[in-house]
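# Observations on chain architecture
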Amino acid sequence: MSTLILVFHPHLKDGSRVNARLLAELAAQGEDDIIVRDEYAEYPNFSVNADTEHELLEAADRVILQFPFYWYSSPALLKEWEDEVIAAGWAYGGGHALKGKELKLVVTTGSDASKYRKDGEYNHTMEELLSPFAVVAYKVGMNYAEPFLVQGTATISDAELDQAAADYVSAILD
């Protein structure tokens, strides 16, 4: 199964301890059927090339959107990417380019998981907050997989990060 990982982290190279580590652990596996793209490096001015993205998406069986959780949502470039790439006539509204492909999210949060509960500080679950992605997957005929979450990254220990990286590799390679 070919996997396309689109990473939407504005500071992947200069500030991301967790996402960079997850990707380094995956790279160490040497898998040939995985393509990883740093979308902020590709589109620093937010000028998303929909044709390029369409080609990459069409070639993949599985699409992973990886991003840090900012203000209970995704970084701005991911929203711009959705607006430009998930187009009528290609993905829906007569087009079915993504139908049957798997969509999985990999999301990191600075806050602990306990804050993302109905009785937690944010009064909402991660499932609720990520539901727009599930709706998009449904709309375009993708199979929405359970998200992989690494939470509490603001205080994650080295041992916890080691475990999260191992779990990430397992989640990607399964």
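Nothing here was measured: the structure is a model prediction, and the numbers come from that model.

### What about a nonpolar patch on the surface?
Taken together, Tyr70, Trp71 and Tyr72 make up a surface patch of nonpolar side chains, about 400 Å² in accessible area. With respect to the helices, strands and loops of the structure, Trp71 is situated in the loop between β3 (62–68) and α4 (76–85). Assessed through its relative accessible area of 77%, Trp71 is described here as exposed.

### Regarding the environment of Val48
By secondary structure assignment, the location of Val48 is in the loop between α2 (39–42) and α3 (50–59). As a C-alpha pair, Val48 and Leu78 span 30 residues in sequence and 10.0 Å in three-dimensional space. The contacts of Val48, once residues within four sequence positions are left out, are Tyr43, Glu53, Leu77, Glu80, Trp81, Glu84 and Val85.

### Description of the side chain of Asp38
Here Asp38 is to be found in strand β2 (residues 34–38). In terms of polar contacts, Asp38 uses its side chain to reach the backbone amide nitrogen of Tyr40, at 3.2 Å. Discounting chain neighbours no more than four positions away, the residues touching Asp38 are Val7, His9, Leu12 and Lys13.

### With respect to the pattern of salt bridges
With the rule as written, the count across this model stands at twelve salt bridges. Between Arg37 and Glu53 there is a salt bridge, with the nearest N and O atoms lying 2.8 Å from each other. Taken together, the positions of Arg37 in strand β2 and Glu53 in helix α3 put the pair 16 residues apart, joining distant regions of the chain. Where Arg117 meets Asp119, a salt bridge forms, and the shortest distance between an N and an O atom there is 2.9 Å. For Asp119, a relative accessible area of 62% corresponds to the exposed category.

### Here's the deal with the UniProt feature "domain: Flavodoxin-like fold" (unreviewed entry) in the protein chain
Under the present numbering, the feature "domain: Flavodoxin-like fold" (unreviewed entry) in UniProt falls on residues 1–169. Across residues 1–169, the secondary structure splits into 36% helix and 18% strand, with the terminal C-alpha atoms separated by 15 Å.

### Here we look at empty space enclosed by the protein
Per the counting criterion, the structure on display carries one cavity of 30 Å³ or more. Estimated volume of the largest cavity: approximately 90 Å³. If you go around the largest cavity, the residues you meet are Leu57, Val63, Leu65, Trp81, Glu82, Ile86, Leu98, Leu103, Phe133, Val136 and Met142. At the level of elements, β3, α4 and α6 (131–140) are the ones that each hand at least two residues to the lining of the largest cavity. In terms of residue class, the lining of the largest cavity is built from ten nonpolar, no polar and one charged.

### Focus: the packing of aromatic side chains
Within the structure shown, the criterion is met by eight aromatic pairs. A centroid spacing of 6.0 Å and a plane angle of 70° characterise the contact between Phe69 and Tyr116, whose relative ring orientation is edge-to-face. Here Phe69 is found in the loop between β3 and α4, whereas its partner Tyr116 is found in the loop between β4 (102–109) and α5 (126–129), with 47 residues between them in sequence. Neither Phe69 nor Tyr116 differs from the other in exposure class; each is buried. With a centroid separation of 6.0 Å and 75° between ring planes, the pair formed by Trp71 and Tyr72 is classed as edge-to-face. Connected via pairs of aromatic rings, a cluster forms that spans Phe69, Trp71, Tyr72, Tyr116 and Tyr122.

Scoring rules and cut-offs
In this convention, every chain numbers its residues from 1, walking through the sequence in written order. Confidence filtering applies because this is a predicted model: local features only for residues at pLDDT of at least 70, side-chain atom pairs given and counted only at 80 or more, and all residues used for totals across whole chains, interfaces and linings. Values shown for side chains rest on all heavy atoms present in the structure; no hydrogens or waters enter the calculation. Only residues whose relative accessible area exceeds 30% and that form no salt bridge enter a patch; like-charged residues are grouped when within 9 Å of one another, and nonpolar side chains (Val, Leu, Ile, Met, Phe, Trp, Tyr) when within 5 Å. Methods summary: accessible areas were calculated by the Shrake-Rupley approach with a probe of 1.4 Å, and residue burial reflects only the protein chains presented. Between Lys or Arg on one side and Asp or Glu on the other, a salt bridge is scored when a side-chain nitrogen of the former is within 4 Å of a carboxyl oxygen of the latter. Working definition: helices are DSSP H or I runs of at least four residues, strands are E runs of at least two. Numbering for both runs from the N terminus. Think of it in three bands: with a 1.4 Å probe and only protein chains considered, a residue is buried below 20% of the maximum accessible area for its type, exposed above 50%, and partly exposed in between. Residues are treated as being in contact if the distance between any of their heavy atoms lies within 4.5 Å. Between N or O atoms, a polar contact is any pair within 3.5 Å; within protein, one atom must be a potential hydrogen donor and the other a potential acceptor, and residues adjacent in sequence are included only when both atoms are from side chains. UniProt positions are given in the numbering used here, feature names are shortened, and annotations may be inferred rather than shown by experiment. A cavity, in this analysis, means grid points on a 1 Å lattice covering only the protein atoms where a 1.4 Å probe fits yet has no way out; a pocket is instead an open set bounded by protein on both sides within 12 Å along at least five of seven lines, and a residue lines either one if it has an atom within 4 Å of a point. Grid points are joined across faces, edges and corners, and a volume is the space filled by probe spheres set on the points. Nonpolar residues are Ala, Val, Leu, Ile, Met, Phe, Trp, Tyr, Cys and Pro. Charged residues are Asp, Glu, Lys and Arg, and all others, Gly as well, are polar. Stacked, edge-to-face and tilted are the three classes for Phe, Tyr and Trp ring pairs, Trp counted by its six-membered ring, which pair at centre distances within 6.5 Å; planes under 30 degrees apart are stacked, over 60 edge-to-face, the rest tilted.

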